[in-house]
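As a plain string of letters, each chain reads:
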Amino acid sequence: MAEAADFQGTSPSPARRWLRRTGALLAGAPLLAGLCQLPSATSAHAAGQSSAQAAADSGTVSVAVDTLSPSTPTDGDTLTVSGTVTNNGKQAVTDAHVGLRVGNEVTTRSGIDTAARNSSDTQAATGPEVGGKYVEKFSKLTPGVAEPFSISVPVDELDLGDSGVYPFAVSLSGETSAQPWEQVLGTRSTFLPWQSGEADTKTKTTYLWPLLSTVHMTAETGSNEQQTPVFRNDDLAKEISPGGRLDQLVSLGKDLDVTWVVDPDLLASVDAMTNTYRVKSGGTTRPGSQQNQTLANHWLAELQQAVAGKEVVALPFSDPDLASLAHNGTSVTGSLSQLKNATDVVANTVETILHVKPVTDFAWPVEGAVDPSIVKVATSAGADKVIARSDNLQETGGLTYTPSAARPIGGGTTAVVADARLSTAFQGDLTRASVSTLAVQQFLAQSLALNLQTDKQRSIVIAPQRMPSSRQALAMAEAVTALQGGNWSEPQDLTAAAAAKPDPEATTKVPSTSRYPSSLRKQELPRSAFVQIAGTQEKLDNFKVILANQSRVVTPFGRAMNREMSTSWRGRTAEATSFRNDVEEYLDELKDQVKLIDKSETKLSGRSATIPVTAQNNLVQGVEHLVLRLTSLSPKRLEIRGKSYSEQSVEVSGGHSQTVKFPTTAKANGKATVIAQLYTEDGQAYGEPVTFDVKVTEFTATVMLVIGGGFLLLVLAGFRMYTQRKRAAAREAEEDGPDGAEEAEGETENLEGPEDRLEEESGTPARADAPEQPSDPTPDTPAENADPSGAGERVDR
């Protein structure tokens, strides 16, 4: 039992040692007899000892350090530590007290990692207690009850040596009825970064402050002139509300010397919310609230003030997933064009909303993981700097210190390698103050240890997770504030860090594609996603050429396709697929608003007639550059303008329809199938064709011959009657004598008016006895007219 106590780093009092020895002597004989009679008891007793030892090692009391202030103490400061101790055992702990311990300096960054992993191990509690009055005592700790503590100690009492990182532990010592001697029952270790004065060489530190979110806007817009935007849900309003994630990032970041990294899509989405907008709700939409509009205006105003005078790095629109594009998208035609489009709109979007000129030549792959294909894609849209991370671009040259972030990787590209330990310091669940405090202290310890590695001044970049939670952002801000208030680091913009002189011994070789982390590869957008995006783009290209105002459709759908490639879809496969489907279905819905009206079977009587076809436009804007083609699948039976098909241009105003008439000629009786199809001017089919039958009932040749013969007989009969009347009039004139002749002659002059005109024109007098001209009264209409009947005959129903 004494060995166990010594093992815990404590010593029992002399009185207790005497009592234990006496008890052991009195119990020795019966115990030996019992052991002889019951050999199995040996193993049971040993198991009990092992269990007790294990409980002591793991700690029956949990210690939580909620605050440690100041985080980076200097000479003359008073260090205050507060938190709680909780008895997790089944027995009460008596004669307990909380004490502080300071261990030996940790000189390596890996040593800090090891100590952090063992922060609750009672065996790892190093160094003696500060002791004296710098403890807090508890007469009894009841199982399951958390008791608060707070201890303040002058830094001078901690006996810290030279500048460095010191393990700092808060331990709970006490007794239990099963183990009635003082021992360490619980501990929590952290770190105390100690820089007694100004460092000779300070590290230039760049901290990226990410302002990114998930996809919030759809491709849908209202039919009004303002094109009211439609949001997927109200999540963005929650994020910018007081206490929300994005609200916290802005309110915390405005007082920090950091480099802002923004997604233009987030800015555009909040800006859209400042005016009238709608939110999808089930199968319909509802108006966005006025309160949310006010929130959006306030958040943007706060952000504009926060970034004023600060460096703002803008990522491509909606933060496209560069690794997914490199590994699964480059084989799909047009995918790189989407990245170029997402880059081209950045500067104008950010400058218009934030009123600052952004830096646009940085690319940031997920978690800074790069390979040659990612670098190639990242720089294809104009970026010449790639933010990587040191756990991916690992040092192989045997350097004893962490090199500067910037280094050339070929092709005029600079890799800005963020420090992995510092960048990942605030991941995980930091909702508990104790966990957050430990993360802050470990971050500061790593930063100081890095600075103490060498006298060379270096530029270090810290690239945290893309979308930190509110609690993570709070811890980040606390750490950056302490770092900037310390005396071993000074802030620097990302552009300056990228331009810093690279360390000649630092690694510049980009790892191969096969070394890309499998955990990240599993989260990538699949190739099918890029195929679908390409299909949507093709539909959009086919649709926009017919629009009178293309921007009403091209802009919202172009941005929607950028959102389909967003990094935020990682780990959300079902949501990503649903979003892509919604975009494509909405585009199909718009395209279907311009279509041909279905036709039923049409009857064509006669040799010629017109067939009307109606194009309908239910869009709010006009369509043009469309061609309507009518094709006869039986040209030997039915011709359209003398051939198998005919085309006519179509322009239809918004909300209207246009009927186009095609002259047709029947060649034979029977049923002819006709297809009406819209085409763009470049020959691409638009929409679904309309197929209908035309039933031809043409007159036969025999019928036409009979009709023509009857008409000729009527003409001849009329001519005969005319000549008979004329001869009868002449005979009456001869019988009536001279007077009658003169009268008859006058009548003849009236009847023969044309001959009189002929005499006047020719100058040759006409003879009274001139023979009759039977051909004179021939009618103007010929016996048969073979031309088609006039256009305009409606044959459709």
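Residues numbered from 1 in each chain as written. Predicted model: local features only at pLDDT ≥ 70, side-chain atom pairs only at ≥ 80, totals over all residues. Heavy atoms only, no water.

Trainee: Help me understand the sheet that holds strand β13 (residues 284-287) in this model?
Mentor: The strands making up a sheet are joined through hydrogen bonds of the backbone, oriented either antiparallel or parallel. If you trace the four strands from one edge of the open sheet to the other, you get β9-β10-β12-β13, paired in mixed fashion. Looking at the sheet topology across the chains shown, the edges are occupied by β9 (217-221) and β13. Strand-to-strand, the axes of this sheet are offset by a mean angle of 40°, without reference to chain direction. (Pairing = 2+ DSSP bridges. Helix = DSSP H or I, 4+ residues; strand = E, 2+ residues; numbered from the N terminus. Axes fitted to C-alpha atoms, helices over the stretch in contact; angles between N-to-C directions.)

Trainee: Where do I start with the pairing of strand β22 (residues 602-605) in this structure?
Mentor: Each regular strand displays side chains that alternate between the two surfaces of the sheet. What you see with β22 is a clean split: T602 and L604 sit on the buried side and K603 and S605 on the side with no burial. Here β22 pairs with strand β29 (residues 685-697) via four bridges, running parallel. Each residue of the ladder has a partner; that of K603, found in β29, is K695. (Buried < 20%, exposed > 50% of the residue type's maximum accessible area, 1.4 Å probe, protein only.)

Trainee: Would you mind going over a negative patch on the surface with me for this structure?
Mentor: A contiguous patch of negative charge on the surface is contributed by D75, D156, E157 and D159. Take D156: it is sitting in the loop between β5 (146-154) and β6 (164-175). (Patch = residues over 30% accessible without salt bridge, like charges linked within 9 Å, V, L, I, M, F, W, Y side chains within 5 Å. Areas by Shrake-Rupley, 256 points an atom, 1.4 Å probe, with all protein chains shown as cover. Salt bridge = Lys/Arg side-chain N within 4 Å of Asp/Glu carboxyl O. Lys, Arg positive; Asp, Glu negative; His and termini not counted. Charge placed at Lys NZ, Arg CZ, Asp CG, Glu CD.)

Trainee: Quick question: what am I supposed to make of unusual backbone geometry here?
Mentor: With the exception of glycine, the majority of residues adopt a negative phi angle, and the majority of peptide bonds are in the trans configuration. The amide bond that connects S69 to the next residue, P70, takes the cis arrangement and shows omega of -5°. Within the fold, P70 resides in the loop between β1 (61-69) and β2 (78-87). Positive phi outside glycine occurs at H625, with the angle close to 60°. Topologically, H625 is positioned in strand β24 (residues 623-632). One non-glycine residue, R641, lies in positive phi territory at about 55°. Examined against the element boundaries, R641 turns out to sit in the loop between β25 (638-640) and β26 (645-652).

Trainee: Where do I start with empty space enclosed by the protein in this structure?
Mentor: A probe as big as a water molecule, rolled over the atoms, marks out the empty space that is left. Under the criterion given, the structure shown has seven cavities of 30 Å³ or more. Its volume calculated, the largest cavity comes out at about 90 Å³. The wall of the largest cavity is formed by 14 residues, among which P316, T343, F362, A378 and A383 lie closest to the centre. Of all the secondary structure elements, the ones that give two or more residues to the lining of the largest cavity are α10 (335-344) and β15 (362-363). Partitioning the lining of the largest cavity into residue classes produces 11 nonpolar, three polar and no charged. (1 Å grid on protein atoms, 1.4 Å probe; cavity = no way out; pocket = protein on both sides within 12 Å on 5 of 7 lines; lining within 4 Å. Points joined across faces, edges and corners; volume = space filled by probe spheres on them. Nonpolar A, V, L, I, M, F, W, Y, C, P; charged D, E, K, R; others polar.)

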